[in-house]
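The lines below spell out each chain.
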Amino acid sequence: MVHPLQQRLVQLRRRLLRWLVVHGMCRTIVAVVATVVVLGLVDYVFRFKDPGIRLMLSGTALAVVAWTCYRCWRRVAMGRLGTVDLARQVGRRFPQLGDDLPSAIEFLGQAEDDPTAGSASLRRAVIAQTTAAAEKVDFDALLDRRPPRRAILAAAGACLVAAILLVLDTLSCQIALARLGDPLGNVIWPRKHHLQLVERIDRVARGQPFEIEVVDAYGGKLPSRAAVHYRFAGPDGKPVEESHPLRAIGTTMVARRDNVTQPFAYRVEGGDDHAMDWIDVEIVEPPAIASLSATIRLPSYTGRPAGQSDGPLDVLRGSRVEMRAVTTKPLRSARLRLDAETTIPCVLDKDGRRLSVGTADSPGFVPEASGSYHFELVDREGIAGGGDERWDIRVSEDHAPRVTIDRPSDTVFVTPGATLPVRVTAQDDLGLRRVGLV
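What comes next is a walk through the structure. (Residues numbered from 1 in each chain as written. Predicted model: local features only at pLDDT ≥ 70, side-chain atom pairs only at ≥ 80, totals over all residues. Heavy atoms only, no water.)

We now examine the environment of aspartate 202. Examined against the element boundaries, aspartate 202 turns out to sit in the loop between strand 1 (195–197) and strand 2 (203–205). Judged by relative accessible area, which is 33%, aspartate 202 ranks as partly exposed. On a C-alpha basis, the gap between aspartate 202 and valine 281 in space is 4.2 Å, while along the polypeptide they are 79 residues apart. For aspartate 202, the residues in contact, after removing those within four places along its chain, are Ile279, Asp280, Val281 and Glu282. (Helix = DSSP H or I, 4+ residues; strand = E, 2+ residues; numbered from the N terminus. Buried < 20%, exposed > 50% of the residue type's maximum accessible area, 1.4 Å probe, protein only. Contact = heavy atoms within 4.5 Å.)

Written out as structure tokens, the structure reads:
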């Protein structure tokens, strides 16, 4: 039968182990959850791609968890004391018991007739005296319940935070755990930004500007900073790469490169989007006017035949102009632009190489003011051109004839039937058709 003193120590050991286990489990939970949450948030914010950094994060998590387990469960292992060792701990806590308690426990473990144990009556006296003294002592006072309780609250708080994060963004939590658990795996964070070109530009006319517009593919918010990277051959033939920031305009970002003369490749990066492939740009010759012939039809009152010009126009106001031109490439469309607001569609023949302004469908145009004109040409591959070559327009006014009476120069008094000599000087810009005396 177990002695009451031994029974009390066994119960104390059980309670001590139970509290140590609870304390160790809670501290382990706090360490694991806090470490995973913090490192997961760091990975979520910075979106690490370097395997070395990801290995460091996973190693840090393992080190923190291992150290916490060592600190916590070492106490549990130390808590697995024998009855005598536990009695020594109790004796240190309660001086009135002193060394009598471990001695009494040792005596209880010895047989009554053990010749090496000394006097049996003395042993019984020690046991009785210690049992009486122990009855006045509350062994449970040896247990400090505050650390386990604090650990329980901390574990509950950590689990609550983890649960909130899991509910708010389950996918991100799963990705963070997968990346910590397998730092060399191919699990990646979903991108916040998805940059997309409004129009993919892979051909540019020589000498023309290159311009792109970038938006978010899903209508999301564009990154605060983005850049277009160019790659082209340098003077020595080696590849050269440079980058320029994109300019934000409303819900788009734009980049422009003027006077493009050599092939290049480009790609756009911004925010966490670095996935766009390089796009090669080919430099092509733009469509242009190879030959031009203009017919200038003066107003009918002039009585003059139509004039011809190979580009520059010197016309009388009211004159109608008809044009014929041959282009260097077959065209999809062509327009004659007189000023910022006035354009005239051109008529193309079947092969797209000849255009005209001044047919049954397009009766030409009447210049209203001096200035210049050019053609806006688009070939069948969508390449625009024609804007670099311009011709002048000079519109002249047709002033009224100028008449001067030279003789007589003043009022003249004559007799009836007299002969009066009259001399008149008449001038006009285009020439005189008739001069009459009234």
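Right, let's talk about the sheet that holds strand 13 (residues 320–327) for a bit. With antiparallel pairing, 5 strands are arranged side by side in an open sheet as 11-10-13-17-16. Looking at strand neighbours, the two that pair on one side only are strand 11 (307–309) and strand 16 (347–348), the edges of this open sheet. As paired elements, strand 10 (residues 289–297) and strand 11 share 3 bridges and run antiparallel to each other. Residue isoleucine 296 lies in a different strand from strand 11, and its bridge partner there is glycine 307. (Pairing = 2+ DSSP bridges.)

In this section: the pairing of strand 9 (residues 279–284). For strand 2 and strand 9, the ladder comprises 3 bridges, and the chain directions are parallel. Looking at strand 9, one finds that valine 204 is bridged to isoleucine 283. Summarising the sheet, strand 8 (residues 264–270) and strand 9 pair through 3 bridges and their orientation is antiparallel. Pairing of phenylalanine 264 across the sheet is with valine 281, part of strand 9.

To continue, consider the sheet that holds strand 3 (residues 210–216). The strands making up a sheet associate through hydrogen bonds between their backbones, and the pairing can be parallel or antiparallel. The strand order across the open sheet built from 4 strands is 1-3-7-6, with neighbouring strands paired in antiparallel fashion. The open sheet has two edge strands, strand 1 and strand 6 (247–249), and neither has a second partner. Strand-to-strand, the axes of this sheet are offset by a mean angle of 35°, without reference to chain direction. As paired strands, strand 1 and strand 3 are joined by 3 bridges and run antiparallel to one another. For leucine 195, the partnering residue across the bridge sits in strand 3 and is aspartate 216. (Axes fitted to C-alpha atoms, helices over the stretch in contact; angles between N-to-C directions.)

Here we take up helix 7 (residues 170–181). For helix 7, spanning 12 residues, the distance from its first C-alpha to its last is 17 Å, which sits close to the expected 16 Å at 1.5 Å a residue. Along helix 7, the positions that sit buried rather than exposed are Ser172, Cys173, Ile175, Ala176, Arg179 and Leu180. The arc enclosing the buried residues of helix 7, seen along the axis, measures out at 165°, which places them on a common side. The exposed residues of helix 7 that point more than 90 degrees off its buried face are Leu171, Leu177 and Gly181. (Expected span 1.5 Å × (residues − 1). Arc of directions from axis to C-beta.)

Residue position: threonine 35 is located in helix 1 (residues 4–46). The class of threonine 35 is buried, set by a relative accessible area of 11%. Apart from residues lying up to four places away in sequence, threonine 35 is in contact with Val30, Ala61 and Val64.

Side chains of Val403, Ile405, Val412, Val414, Leu420, Val422, Val424 and Leu437 sit close together on the surface and give an oily, nonpolar patch of about 740 Å² of accessible area. For valine 422, the location among the structural elements is in the loop between strand 21 (402–407) and strand 22 (423–427). (Patch = residues over 30% accessible without salt bridge, like charges linked within 9 Å, V, L, I, M, F, W, Y side chains within 5 Å. Areas by Shrake-Rupley, 256 points an atom, 1.4 Å probe, with all protein chains shown as cover. Salt bridge = Lys/Arg side-chain N within 4 Å of Asp/Glu carboxyl O.)

As judged from the 6 bridges shared by strand 14 (residues 331–337) and strand 18 (residues 371–379), these two strands associate in the antiparallel manner. Bridged to serine 333 within strand 18 is valine 378. The pairing of strand 14 with strand 15 (residues 343–345) spans 3 bridges and is antiparallel. Residue pairing in the sheet places leucine 336 in a bridge with isoleucine 344 of strand 15. The antiparallel pairing of strand 14 with strand 15 creates a hairpin that spans 5 residues between the two strands.

Within the secondary structure, glycine 382 is located in the loop between strand 18 and strand 19 (384–385). When the C-alpha atoms of glycine 382 and arginine 203 are compared, they prove to be 9.0 Å apart, with 179 residues separating the residues in sequence.

A complete count under the given rule lists 18 salt bridges for this structure. The partner of glutamate 381 in a salt bridge is arginine 203, with the nearest N and O atoms 2.7 Å apart. You can see glutamate 381 sitting in the loop between strand 18 and strand 19 and its partner arginine 203 sitting in strand 2, a full 178 residues away along the chain. Residue class for glutamate 381 comes out partly exposed when judged on its relative accessible area of 47%. With a relative accessible area of 26%, arginine 203 lands in the partly exposed category. Taking the shortest distance from any N to any O, the salt bridge between glutamate 211 and arginine 256 comes out at 3.0 Å. Here glutamate 211, found in strand 3, pairs with arginine 256, found in strand 7 (residues 252–257); they are 45 residues apart in sequence, far enough to count as distant. A network of salt bridges, in which partner residues are shared, links Arg203, Glu282 and Glu381.

Keep in mind these values describe shape, not function.
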